[in-house]
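These are the residues of each chain, in order.
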Amino acid sequence: MNTNRPRAPKKAWLTYLGLAQALLAVFALASACSSTKSQFDRVGSLGTGGSAGSTSSSSSGGSPNGQSSGGSVGSGGMTTIGLAGRSSGTNCVTSCNPLGGQWCGEIGNNCGDKLTCPPCANDWVCENNACVGPPSCQRLTCDSAGGRYCGTIGDGCGGALVCGDCPDGGTCAGGGIPNLCKPANCTPRACTDPVSGGQYCGDIGDGCGGQLHCGDCAGGKACGGDGVANVCPGAGCRNLQCTIKTDACPSDSPTTLTGTVYDPAGKLPLYNALVYVPNDPLPLPPISDGITCEQCAAFAAGSPIAAALSDVSGKFTLTGVPSGANVPLVIQVGKWRREVTLNTTLNKCTSNALSDVEMTRLPRNKVEGHIPRIAVTTGGQDALECLLRRIGIAEEEFTTDAGEGRVHLYVGGQAGMGAGTNQFSSRLGGAQFSQATALWADPTKLHDYDIMMLSCEGGEYPNAKSAYVNNVAAYMNQGGRVFADHYHYYWMRSGPQDLRGTATYEGALPDPPLAMTALVDTSFVKGAALADWLVLTNASTQRGQLPVAVSQHSVSAVTPPTQRWIYLEQNPNDKPALRPSIQYMTFNTPVTAAPESQCGRVVFTDIHIAASVADPAGGPALGGDTSRPGASGGTGTSTGTST
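Report follows, based on the coordinates. (Residues numbered from 1 in each chain as written. Predicted model: local features only at pLDDT ≥ 70, side-chain atom pairs only at ≥ 80, totals over all residues. Heavy atoms only, no water.)

## Regarding the overall build of the protein
Scanning the protein for helices and strands turns up 10 helices and 36 strands. Taking all 643 residues of the protein together, the buried fraction comes to 57%. Contacts in the protein between residues at least 24 apart in sequence constitute 68% of all its contacts with a sequence separation of at least 6. Only carbon and sulfur atoms are counted for the fraction: they give 49% of the accessible area of the protein, which is about 23,800 Å². (Helix = DSSP H or I, 4+ residues; strand = E, 2+ residues; numbered from the N terminus. Buried < 20%, exposed > 50% of the residue type's maximum accessible area, 1.4 Å probe, protein only. Contact = heavy atoms within 4.5 Å. Areas by Shrake-Rupley, 256 points an atom, 1.4 Å probe, with all protein chains shown as cover.)

## A short note on the packing of aromatic side chains
Per the counting criterion, the structure on display carries 7 aromatic pairs. Arranged with centres 5.8 Å apart and planes meeting at 40°, the rings of Tyr487 and Tyr489 form a pair that is tilted. Summarising the aromatic geometry, the rings of Phe524 and Trp565 are spaced 5.0 Å apart at their centres and angled 90° between planes, so their arrangement reads as edge-to-face. Residue Phe524 is found in the loop between strand E29 (515-520) and helix H10 (525-536), and its partner Trp565 is found in strand E32 (residues 563-568); the two are separated by 41 residues along the sequence. The class of Trp565 is buried, set by a relative accessible area of 12%. Of note, Arg373 hangs over the ring of Tyr449, and the distance from its end group to the ring centre comes to 4.8 Å. For the cation-ring pair, Arg564 lies above Tyr567, with the distance from its terminal atom to the ring centre recorded as 3.6 Å. (Phe/Tyr/Trp six-rings, centres within 6.5 Å; stacked < 30°, edge-to-face > 60°. Lys NZ or Arg CZ within 6 Å of the ring centre and 35° of its normal.)

## Details of the nonpolar core
Counting residues in hydrophobic clusters, the biggest one holds 66 residues, and the most contacted among them are Leu257, Leu318, Leu329, Leu342 and Leu388. When neighbours within four sequence positions are excluded, Leu318 is seen to be in contact with Thr255, Thr256, Leu257, Val275, Tyr276, Val277, Ala306, Ala307, Ala308 and Leu329. Of all hydrophobic cores here, the second largest spans 35 residues; its members include Leu446, Ala473, Met476 and Ile582. (Core = buried A, V, L, I, M, F, W, Y, C linked by side-chain atoms within 4.5 Å.)

## A look at the sheet that holds strand E14 (residues 256-260)
Pairing is mixed across the open sheet formed by 3 strands, whose spatial order is E17-E14-E20. The open sheet has two edge strands, strand E17 (315-319) and strand E20 (351-353), and neither has a second partner. Put simply, the sheet's adjacent strands are angled 20° from each other on average, direction ignored. When E14 meets E20, the two strands line up parallel, connected through 3 bridges. Note that in E20 the partner of Thr256 across the bridge is Ser351. (Pairing = 2+ DSSP bridges. Axes fitted to C-alpha atoms, helices over the stretch in contact; angles between N-to-C directions.)

## Considering the sheet that holds strand E18 (residues 328-333)
Across the sheet, which stays open at both edges, the 5 strands sit in the order E16-E15-E18-E19-E21 with antiparallel pairing between neighbours. If you trace the sheet from one side to the other, it starts and ends with strand E16 (304-309) and strand E21 (369-370), each paired once. Sheet topology places strand E15 (residues 274-278) next to E18; 3 bridges connect them, and they run antiparallel. In the strand pairing of E18, Tyr276 is matched with Val330. Strands in contact with helix H2 (residues 240-247) are E15, E16 and E18; relative to E16, the strand with the most contacts, it is inclined by about 85°.

## Here we look at the state of the cysteines
One pass over the structure, following the stated rule, counts 9 disulfides. Each sulfur of the disulfide joining Cys191 and Cys214 lies 2.2 Å from the other. Disulfide Cys191 to Cys214: torsion about the S-S bond roughly -90°, handedness left-handed. Taken together, the positions of Cys191 in the loop between strand E11 (181-182) and strand E12 (203-205) and Cys214 in the loop between strand E13 (211-213) and H2 put the pair 23 residues apart, joining distant regions of the chain. Exposure remark for Cys191: the relative accessible area of 17% places this residue in the buried category. In this structure Cys214 comes out as buried when scored by relative accessible area, which is 11%. (Disulfide = S-S within 2.5 Å.)

## Digging into the pairing of strand E24 (residues 407-411)
Judged by how many residues are buried, E24 sits mostly within the fold: 5 of 5 residues are covered. Residues Val407, Leu409 and Val411 line one face of E24 and the alternating positions His408 and Tyr410 line the opposite face, and both faces are buried. For strand E22 (residues 374-378) and E24, the ladder comprises 5 bridges, and the chain directions are parallel. Note on E24: the bridge partner recorded for Val376 is Leu409. With 2 bridges connecting them, strand E23 (residues 398-399) and E24 associate as parallel partners. Bridge assignment links Phe398 to a residue of E24, and that residue is Val407. Bridge count between E24 and strand E25 (residues 434-435): 2 bridges; the pairing is parallel. Its bridge partner being in E25, Val411 is matched across the sheet by Gln435.

## Let's talk about the pattern of salt bridges
According to the stated counting rule, one finds 17 salt bridges in the structure shown. For Asp532, the salt bridge identified is with Arg543, shortest N-O distance 2.4 Å. Of this pair, Asp532 sits in helix H10 while Arg543 sits in the loop between H10 and strand E30 (545-549), and the two are 11 residues apart along the sequence. What makes Asp532 buried here is its relative accessible area of 1%. Shared partners join several salt bridges into a network, and the residues in it are Glu358, Arg361, Arg364 and Glu368. (Salt bridge = Lys/Arg side-chain N within 4 Å of Asp/Glu carboxyl O.)

Written as structure tokens, this is what we have:
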């Protein structure tokens, strides 16, 4: 088969996905979560006036009664459950609330008897004796603000979360708390903060997987009397910490701030975004451009005094924030960061809802905040540059590599074949793009970009790429984020052995039928969150399923730990093999490195946006984004291509 033959411009479009594909492409890369570290690892101590962090193994996760729902269970007196809180054999179950879960109805207690558990609360339902949360439920991850979980726990929404062994030589339950890792060579915190001299009280996490019993405050003072949980009154403070101290809210009624994080366009909610109130004044120190070996770094600068991650519906709750006007707020996803001063006054000791989308969306341009430096290569069969416009990046941020925009456009293809848009429309000045080979050939130039997005060209075109395979592999391994579209599987299939081994790269197999239903892999936490998010954003009508129009087939299987996200169970046109078709997958780099040393991420997809399909909601047609010479129409995209 001649893999360089330009194919007909019939590209995959997830009928109900729309803008969701843009977020999959961009924010999965920008979040920079290439290792097992939590975004909160970079927040550090909340300092005097902030909570020391709880060591409780349970997490609410949006569940009823302050509990998270556990995995599915069997019935009967001797059933082996296999979740924390329920063990097999002689260990009797005595609680309806295991770590990360809540049982319901009658369950076996593993000792020949039964345990009757209360019904699920609110909109949770009882399935197989486990309380299962709604799509808006935020599932736990193995990393939390309080530490790293180990073994198997409930995922907070009715499923099981397998966290395995502790990384870096850590010990599971080594600090005395079940299913919580004790890091190796860890120095526990003390009850007295060494910087401020402030005193913690009650039971707090020791930072090493254990619990610290700090007891009562001196002089009979009430623990948390200044409105900050587990902190004694009268501790030293600075800046906004002093406001919290002055507010003196009771422990059961702190000042809270709620809101929803959105993409730059202010349309789609974002999952797992970091939101915090810095104690230091704005502006924060700048974020550097170019690849860095950071594992899931959120670079939470500014000494946060209250921080939270957004749930699957984009919602967040900050607890223990200062009251008053002009409170600073930071919204961050990897190297995307927006700093705002709230335009509303926060009332003390109560909940404050932030409804202004303009306050909680990511930046549209570099004036509003930091946007990762992105290189996009255009292609004759897809238009990834249009995705960036769809999520709301401003037109002025799209330039050639000689410009000052945050998105630089390069033209892909080979000697007149497979080329995408090669210059801006006359309305935008008509500047011509540099060749993609100029990017791939120069490691220094390549490493100046945080993200590289590669639009499908309609063929592999090895003559334009083979000389630069090692450069691109080095970019991946040193912390680069790569989004490879369809035929750009070439970089893995023809790359070093570690990249070739990440999946079964088949080349250009027969296209699946025109209409197929793709599946979302919900066997892991973020896959389940994606399935929920697609339903919540009306991108999917059936959780875990996505209708696909005119898909491609380049990969038939992933090699763990490469993660499958979206797939077809089999391709009916792939006869006689009928192999599965991986539509969306990710892996971290360097592939052979230990997880804690991996700092790059690669996304590969066989999903395109060039096909135009009817909107099931009755709106304008979806898709139809093209990028090839002569297609310029000046209809509003950065390059003037058709959208």
